[in-house]
Amino acid sequence: MPGEIAGLAIIDYVIIMTYMVGVLIIGTYYGKYVKSAGDLFIAGKSLPFWAIGMSIVVTDIGAIDFVSGAGAAYKYGLAQANFDWIGSMPAMVFAAFIFVPYYWRAGVFTIPEFLGKRYNTAVQMIAATIWGIFLVTMLGVMLWTTAVMMNTVLGWNHQTTIWLTAGIVGIYTVSGGLAAVVMTDVIQLVVMYVGASALLALSFWTAGGWHGIQERVLALGGEFQNHFTLYLPHDTPTPYPWTGIVFGLGIVLATAYFCGNQAVVQRVLGARSEWDAKGGMLFGGLLKLFIPVLVMIPGIAALALYPGLKEADTALPLLIKNVLPPGLTGLMFAAFFAALMSSVDSYLNSASTLWTQDIYGRILAWMNREPSMKHTLVTGRIVTAAMILIAGLFAPIIDRFETIYVAIQTMLSMFQGPTFAILLLGILWKRATRWGALAGLILGVGSALTLNNAKGLFPSDSPFLFVAWWSFVFSLIVTVVVSLLTPAELPEKIRGLVYSQVLRDDELQQVLKERVGG
Amino acid sequence: MAAWFQGFGNAVTTLLKPAFSPLDTWLASIPMSWARGTAALFFAATAIWACTLKREYVFQGAPDTKRWRDLRLWAIVVLIPYVIIYLHF
């Protein structure tokens with residue numbers, strides 16, 4: 001087959017098919033528990049901490065992250081690991097202890113719904129529309145980029161990969177909702193970790209262990225002397241200067257992602273208790289520690305074994321072809337599909353929740369219509385099916401836009417800063433008002449668009465980390481200034497939604513003490 | 001539209017460059033060991049902050065108050081490897 005890098009044996013196909021059938025059976029099994037929109041979208045608040053933590057990790061890691069993550073590590077070295085280390089951990093602690101309890105106590109389905117309660121409907125609708133469009137676009141991007149990878153590596157037809165994945169994920173997500181998504185995510189994480197561990201162990205063995213890899217890479221010349229350093233200088237020509245990593249990634253993008261990304265937060269909203277919601281986030285942080293080891297280190301091992309590749313993204317497929325025996329190759333490809341499906345199912349469930357609850361629900365409210373429980377459930381399922389169908393049909397169009405994947409990442413960096421700024425102020429500062437949030441959101445996105453076009457302002461050619469930081473700062477300032485110039489929100493409107501207010505509310509503190517028995 | 005944004009972006013570059021250039025020069029002069037130390041401090045400070053949270057807030061929703069359910073300890077256990085990694089690499 002043209003372009004094929006790795007081939008599969010019969011045993012490999014058997015393993016991949018067993019995995020797919022198994023996931024389909026387990027996913028659809030949860031359909032019998034879905035009786036309401038609450039069951040479909042937040043699993044009837046029944047999820048334990050360990051399932052939430054595992055689901056958060058696989059939602060974050062897609063099949064493309066395996067290939068491009070290893071490719072970036074091949075090219076830039078250990079600095080790529082920042083995206084899973086400083087790009088998750090302090091943020092997940094803040095998410096667990098500050099943000100999650102407030103979403104959970106507010107009893108909401110989505111982040112825009114929380115913003116609607118804290119501010120007003122306009123803020124809710126703008127945030128829901130931005131996230132709704134982004135999530136559906138991302139579904140198409142995930143399906144297409146993985147189809148391209150499977151075509152390059154295995155010679156599979158694009159449409160086969162797209163509709164095989166969309167079909168299986170669509171069936172169990174429509175049927176079982178968030179519970180099916182999270183429980184299949186648990187299996188998918190195990191498959192991913194086992195497959196990637198096998199590749200890590202065998203690539204270490206082939207390259208002579210960690211010291212063998214270091215010796216080989218450092219012997220390649222001056223260009224590779226920073227390959228075992230997490231932080232690169234501020235004026236590095238790579239997209240990862242340490243300043244961008246700390247401010248843009250560590251403070252803004254990571255915190256925005258784990259505190260404000262609907263696909264991540266939806267799992268914790270389905271927790272069986274507030275403790276499970278917080279614990280799930282922290283457990284996810286522990287599991288994320290291993291992602292760079294499983295994904296980036298094989299990329300550096302590939303550099304040691306096969307230096308001089310023109311396309312860095314071929315490093316991982318080449319490693320799989322050369323170091324994994326039949327059977328383990330199938331397991332590794334099952335891990336690829338696990339990574340893809342676990343991200344697609346999560347984005348699908350979240351996209352349908354946003355469109356059903358925040359957009360369709362608000363339209364019904366404007367028309368003074370109160371939908372029944374059955375109506376919302378049926379609508380949610382129809383929207384879910386429509387979303388995956390649209391994403392599957394939309395996926396091949398992405399091929400016409402060579403830089404769409406980069407464009408999507410840039411788009412994410414443009415609205416994550418401003419949405420996080422109003423979320424942060426909404427929870428931490430009782431004086432933040434609806435007008436402040438609206439101005440901060442709109443002008444913040446505008447500032448990100450402007451900075452993204454300000455060529456030569458930042459040292460890096462891909463300044464998305466700096467754009468995220470400065471648009472966040474700008475949005476914070478605008479929200480504070482406009483809030484101070486407009487009337488404060490009524491205390492009864494924001495009761496229980498603001499951190500400082502809850503800590504000083506004696507009545508609420510007494511209830512907490514009595515519940516814990518302290 | 002794209003051309004308008006590009007033109008506006010160029011004007012913004014001209015306007016902000018005098019403020020950003022000295023900042024860039026200063027940031028580029030910071031030793032890498034300080035940068036690594038800052039990251040380790042970031043993780044350590046987060047762990048210390050987590051320890052200051054009230055017991056009833058941390059245990060809220062837990063079925064019992066056994067020691068292993070204390071999420072402040074979880075935060076410390078999870079953050080320590082990150083401190084070590086950022087100090088070492």
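Residues numbered from 1 in each chain as written. Chains lettered and ligands numbered in written order. Predicted model: local features only at pLDDT ≥ 70, side-chain atom pairs only at ≥ 80, totals over all residues.

## Looking at the overall build of chain B
Check the secondary structure of chain B and you find four helices and zero strands. Secondary structure elements in chain B, listed N-terminal to C-terminal, are α-α-α-α. Whereas a compact globule of 89 residues would reach a radius of gyration of roughly 12 Å, chain B reaches 22 Å, over 25% beyond that. Dimensions along the principal axes, computed over C-alpha positions, put chain B at roughly 60 × 35 × 20 Å. (Helix = DSSP H or I, 4+ residues; strand = E, 2+ residues; numbered from the N terminus. Rg over C-alpha atoms; globule rule 2.2 N^0.38 Å.)

## Considering the domain arrangement of chain A
Residue and element names in this part refer to chain A. Segmenting chain A into domains produces domain 1 (10-15 + 40-400) and domain 2 (403-518). For domain 1 and domain 2, the distance between their C-alpha centres works out to 23 Å. Elements with a minimum of two residues in the side of domain 1 that touches domain 2: helix 5 (89-106), helix 6 (111-118), helix 7 (121-154) and helix 10 (242-260). When residues of the side of domain 1 that touches domain 2 are assigned to their parent elements, the largest contribution, twelve residues, is made by helix 10. Split into classes, the residues belonging to the side of domain 1 that touches domain 2 amount to 25 nonpolar, eight polar and four charged. (Domains from an automatic or database assignment. Nonpolar A, V, L, I, M, F, W, Y, C, P; charged D, E, K, R; others polar.)

## Brief notes about the interface of chain A and chain B
Each partner contributes residues to the interface: chain A has 42 residues there, and chain B has 42 residues. A per-element tally of the side of chain A that touches chain B places helix 12 (residues 274-288) of chain A first, with eight residues. Classifying every residue of the side of chain A that touches chain B by side-chain character gives 23 nonpolar, twelve polar and seven charged. (Contact = placed C-beta atoms within 7 Å.)

## What about helix 14 (residues 315-323) of chain A?
Those residues of helix 14 of chain A not exposed but buried are A315, L316, P317, L319, I320 and V323 of chain A. For helix 14 of chain A, the secondary structure elements touched by its buried residues are helix 4 (63-76), helix 7, helix 8 (158-207), helix 13 (291-305) and helix 15 (328-366) of chain A. (Buried ≥ 20, exposed ≤ 12 C-beta atoms within 10 Å, placed from the backbone.)

## A word on the packing of helix 4 of chain A against helix 13 of chain A
All names here are of chain A. In contact at an axis separation of 7 Å, helix 4 and helix 13 are set at 50° when each is read in the N-to-C sense. Considering their axes alone, helix 4 and helix 13 lie oblique with respect to each other. In terms of crossing hand, the pair formed by helix 4 and helix 13 is right-handed. For the pair helix 4 and helix 13, the contacting residues are D65, F66, G69, A70, G71, A73 and Y74 in the first and V295, M296, P298, G299, I300, A302 and L303 in the second. Broken down by class, the residue content of the contact of helix 4 with helix 13 amounts to ten nonpolar, three polar and one charged. (Axes fitted to C-alpha atoms, helices over the stretch in contact; angles between N-to-C directions. Parallel < 35°, antiparallel > 145°, perpendicular 65-115°, else oblique. Left-handed = near helix turned anticlockwise from the far one by under 90°.)

## Considering unusual backbone geometry
Comment: phi is negative for the bulk of residues other than glycine, and the bulk of peptide bonds are trans. Of note, the phi angle at N368 of chain A is positive, near 55°, even though the residue is not glycine. Positionally, N368 of chain A belongs in the loop between helix 15 and helix 16 (373-394).

## With respect to the domain arrangement of chain B
Each domain of chain B was delimited in the assignment, giving domain 1 (1-29) and domain 2 (31-89). Each of domain 1 of chain B and domain 2 of chain B has a C-alpha centre, and the two are 37 Å apart.

## Side note on the confidence of the model for chain B
Residue and element names in this part refer to chain B. In this model, chain B carries a mean pLDDT of 87, and residues with pLDDT of at least 70 account for 98%. Summarising per-element confidence for chain B, the mean pLDDT is lowest in helix 1 (residues 2-28) (82) and highest in helix 4 (residues 71-88) (92). Among the prediction metrics, the complex's ipTM stands at 0.87, with pTM recorded as 0.84. (pLDDT = per-residue confidence, 0-100.)

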